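Letter by letter, the chains look like this.
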Amino acid sequence: MTIRAIRLEDTDDVIALSEATGLFGPSELEELRETLASFTRGALGSDHFWLGNVDRDQIVAVVYFAPEAMTRGTWNLHMIAVRPDRQRHGLGAIMLRHVEQTLRERSERLLLVETSGVPEFEGQRTFYRKNGYEEAARIRDFYALGDDKVVFLKDLADPKGC
């Protein structure tokens, strides 16, 4: 397996992988497609990263991360997804560690992850906790009534977070 930058020709595979997870609705998938198009055209800048984990010419996992505007050293993990048939085999953790290492090499400070607070997303919240992220904030009813935004944080300079 190889982790590499996502290319224009990967767009349909990334969207299909994202849709297969069941975590993205039609409007979110369209937004992903638009963001990928901007990235592959170079319109997002060199500090936005779309990376895929490729196994036998197939993208099996993908991440998208970028800096938080008007901060110094704070980044957002906007997306991490693993093909359903490849989940629970450590690929998500591999991708997450790759993101963290990339940011540490750039001397960045913090990595934030936002997710939903609904019961269906408990697996995602557990994943971040298992990987050393702490719940830093919760905004009630953010996405919809009864659907909180949960923000996780990892201090990239903290030796315990390695």
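What comes next concerns the included structure. (Residues numbered from 1 in each chain as written. Predicted model: local features only at pLDDT ≥ 70, side-chain atom pairs only at ≥ 80, totals over all residues. Heavy atoms only, no water.)

### A short note on helix α1 (residues 11-20)
For α1, the set of buried residues is T11, V14, I15, L17 and S18. The arc that holds the buried residues of α1, viewed along the axis, is 160°, so those residues lie on one side. Buried residues in α1 make contact with α2 (26-41), β2 (49-55), β3 (58-67) and β4 (74-82). Phi for G22, located one or two positions after α1, is positive at around 80°. (Buried < 20%, exposed > 50% of the residue type's maximum accessible area, 1.4 Å probe, protein only. Helix = DSSP H or I, 4+ residues; strand = E, 2+ residues; numbered from the N terminus. Arc of directions from axis to C-beta. Contact = heavy atoms within 4.5 Å.)

### Considering the side chain of H48
Summarising the element assignment, H48 is placed in the loop between α2 and β2. Polar side-chain contacts of H48 include one of 2.8 Å to the side chain of Y64. H48 has contacts with F39, Y64, F65, A66 and P67, leaving out every residue within four places of it along the chain. (Polar contact = N/O pair within 3.5 Å; in protein donor to acceptor, adjacent residues only side chain to side chain.)

### With respect to the side chain of K149
Within the secondary structure, K149 is located in strand β7 (residues 147-155). A polar contact of 3.3 Å, which involves the side chain of K149, links it to the side chain of E114. Those residues in contact with K149 that lie beyond four places of it in its chain are E114, T115, A137, R138, I139, F142 and Y143.

### Notes on a nonpolar patch on the surface
Together, I139, F142 and Y143 make up an exposed nonpolar region whose accessible area comes to about 280 Å². Relative to the elements of secondary structure, Y143 occurs in strand β6 (residues 134-144). (Patch = residues over 30% accessible without salt bridge, like charges linked within 9 Å, V, L, I, M, F, W, Y side chains within 5 Å. Areas by Shrake-Rupley, 256 points an atom, 1.4 Å probe, with all protein chains shown as cover. Salt bridge = Lys/Arg side-chain N within 4 Å of Asp/Glu carboxyl O.)

### Quick notes on the nonpolar core
Counting residues in each nonpolar core, the largest one holds 22 residues, and the members touching the most others are V63, F65, L77, L111 and Y128. Secondary structure elements with two or more residues in this core: β2, β3, β4, α3 (91-105), β5 (110-116) and β7. For this core, the element with the highest residue contribution is α3, accounting for five residues. Sequence-distant contacts of V63, defined by excluding residues within four places in its chain, comprise F49, W50, L51, L77, M79, I80, M95 and V99. Core analysis: the second largest hydrophobic core is formed by 16 residues, V14, L32, Y64 and M79 among them. (Core = buried A, V, L, I, M, F, W, Y, C linked by side-chain atoms within 4.5 Å.)

### Comments concerning a negative patch on the surface
The grouping of E28, E30, E31 and E34 at the surface amounts to a negative patch. For E28, a relative accessible area of 39% translates into the label partly exposed. (Lys, Arg positive; Asp, Glu negative; His and termini not counted. Charge placed at Lys NZ, Arg CZ, Asp CG, Glu CD.)

### What to know about the packing of aromatic side chains
In this description, an aromatic ring pair is defined by two values, namely the gap between the centres and the angle between the planes. This model, assessed by the stated rule, comprises eight aromatic pairs. Taking the centre distance of 5.2 Å and the plane angle of 70° together, the rings of F127 and Y128 count as edge-to-face. Consider the rings of Y128 and Y133, whose centres lie 5.9 Å apart with planes at 70°: the pair is edge-to-face. Residue classification places Y128 among the buried residues on the basis of a relative accessible area of 7%. Put simply, the rings of F127, Y128, Y133 and F152 pair up and form one aromatic cluster. Over the ring of F142 we find K149, and its NZ or CZ is 4.1 Å from the ring centre. (Phe/Tyr/Trp six-rings, centres within 6.5 Å; stacked < 30°, edge-to-face > 60°. Lys NZ or Arg CZ within 6 Å of the ring centre and 35° of its normal.)

What is shown is where atoms sit, not what they do.
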